[in-house]
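# An overview of the molecular structure
Listed below, chain by chain, are the residues.
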Amino acid sequence: MAASPVPSPVAAKGSHVAVALLLVYVVWGSTYLGIAKALQAGVLPLTSVSGARFILAGSVMYLVLRLFRRLPRPTLRQWRNLCIMGFTMLLLGNGMVVLAERDVSSGLAATAVASVPLWMALLLAVRGQHASRGEWLGVGIGFLGVVWLNAGSSLTASPTGLVLLLVAPIGWAFGSVWARHLDLPGPFMTAAGQMICGGVMLVLTGLAAGERPTSLPGVDGLLAVAYLAVFGSIIAFSAYVWLLHNVRPTLVGSYAYVNPVIAVLLGALLNGERFGWRDLTAMAVILVGVLVLTLAKARR
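Residues numbered from 1 in each chain as written. Predicted model: local features only at pLDDT ≥ 70, side-chain atom pairs only at ≥ 80, totals over all residues. Heavy atoms only, no water.

## What to know about the pattern of salt bridges
In this structure the tally under the stated criterion is one salt bridge. Note that R248 and E135 form a salt bridge whose closest N and O atoms lie 2.7 Å from each other. Remark: E135 occurs in helix 6 (residues 133-150) and R248 occurs in the loop between helix 9 (219-246) and helix 10 (249-252); sequence separation between them is 113 residues. Residue R248 is classed as buried on the basis of its relative accessible area, which comes to 18%. (Salt bridge = Lys/Arg side-chain N within 4 Å of Asp/Glu carboxyl O. Helix = DSSP H or I, 4+ residues; strand = E, 2+ residues; numbered from the N terminus. Buried < 20%, exposed > 50% of the residue type's maximum accessible area, 1.4 Å probe, protein only.)

Next up, the structure:
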């Protein structure tokens, strides 16, 4: 079966792109707090915080798409590609971030994820798709803003956590770039299938690592996992996959610069964390980087 056609970035309406970016920016920025709350409630990292919620979210999406939208099921070749995407983006990407948050702060995790656009640009350059000078400028400004946001703060990290936070953005960036030329179903079926495959891998990895769910978590843990499943997985992840089909990866990766800003704001509102002029200035630099990246993409 021929590969599903990838729409041209020009074909995507600007309003649709803006809404999808807003969902990825805001919702994924809040998932760092959701992961922290789930871990604090005793929810197991790989089998439950990541694996179970992706299986649940992916299965619900798959059934809706099959029963109500009447979309065809993925072919065997497409399932193979979805498994590889689930391994790189969900097991290596999301799973390693969740494991890292057992030992490191959510701010440091957000900083590590901010390197995703850099890895995307490097991987695209290896494939012969060089970013423009404007796009590189936006990437550089955004990364400097994220570094500034966390400079001088009381971030602590274990060596294991730092290694996990190095693997995570590389795996996510590789899967995002590599997926653009694969035989895949439509964007929403791709999101559903990828979550199912990645969720199964996460659960198996968790069990192999010794995680053994013995009882249901408390109300706080269940609410945190439910939020991650519905908003972080079904809504925001679907928006992300749709963006991958419609705009350049460098623009899609700009979410990594906004997420730390959202994480800091939520920390201040919900956890009583305080920030001063350095943080506010860094947030402004991050937003400038996203703006430069967006304008460079539009000109190109």
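## Observations concerning the nonpolar core
In terms of nonpolar packing, the biggest core is built from 75 residues, with W28, W172, F237, Y240, L243 and Y255 touching the most fellow members. Ranked by the residues each element gives to this core, the list is headed by helix 3 (residues 76-100), at nine residues. Excluding residues that lie within four positions of it along the chain, L243 makes contacts with V17, A20, L21, V24 and V252. In this structure, I35, A38, V49 and V98 belong to the second largest nonpolar core, which totals nine residues. (Core = buried A, V, L, I, M, F, W, Y, C linked by side-chain atoms within 4.5 Å. Contact = heavy atoms within 4.5 Å.)

## Here we look at the side chain of N259
In this fold, N259 is placed in helix 11 (residues 255-270). Judged by relative accessible area, N259 falls into the buried class, the value being 2%. The contacts of N259, once residues within four sequence positions are left out, are V24, Y25, W28, G29 and Y32.

## A few points about the packing of aromatic side chains
Applying the stated criterion across every chain yields a total of eleven aromatic pairs. Measuring from ring centre to ring centre gives 5.1 Å for W28 and Y240, while their planes differ by 45 degrees; the resulting arrangement is tilted. Here Y240 lies in helix 9 and W28 lies in helix 1 (residues 14-40), a separation of 212 residues in the sequence. Accessibility expressed as a relative area gives 0% for Y240, which makes it buried. Relative to Y240, the ring of W172 has its centre 5.4 Å away and its plane inclined at 55 degrees; by these criteria the two rings are tilted. (Phe/Tyr/Trp six-rings, centres within 6.5 Å; stacked < 30°, edge-to-face > 60°.)

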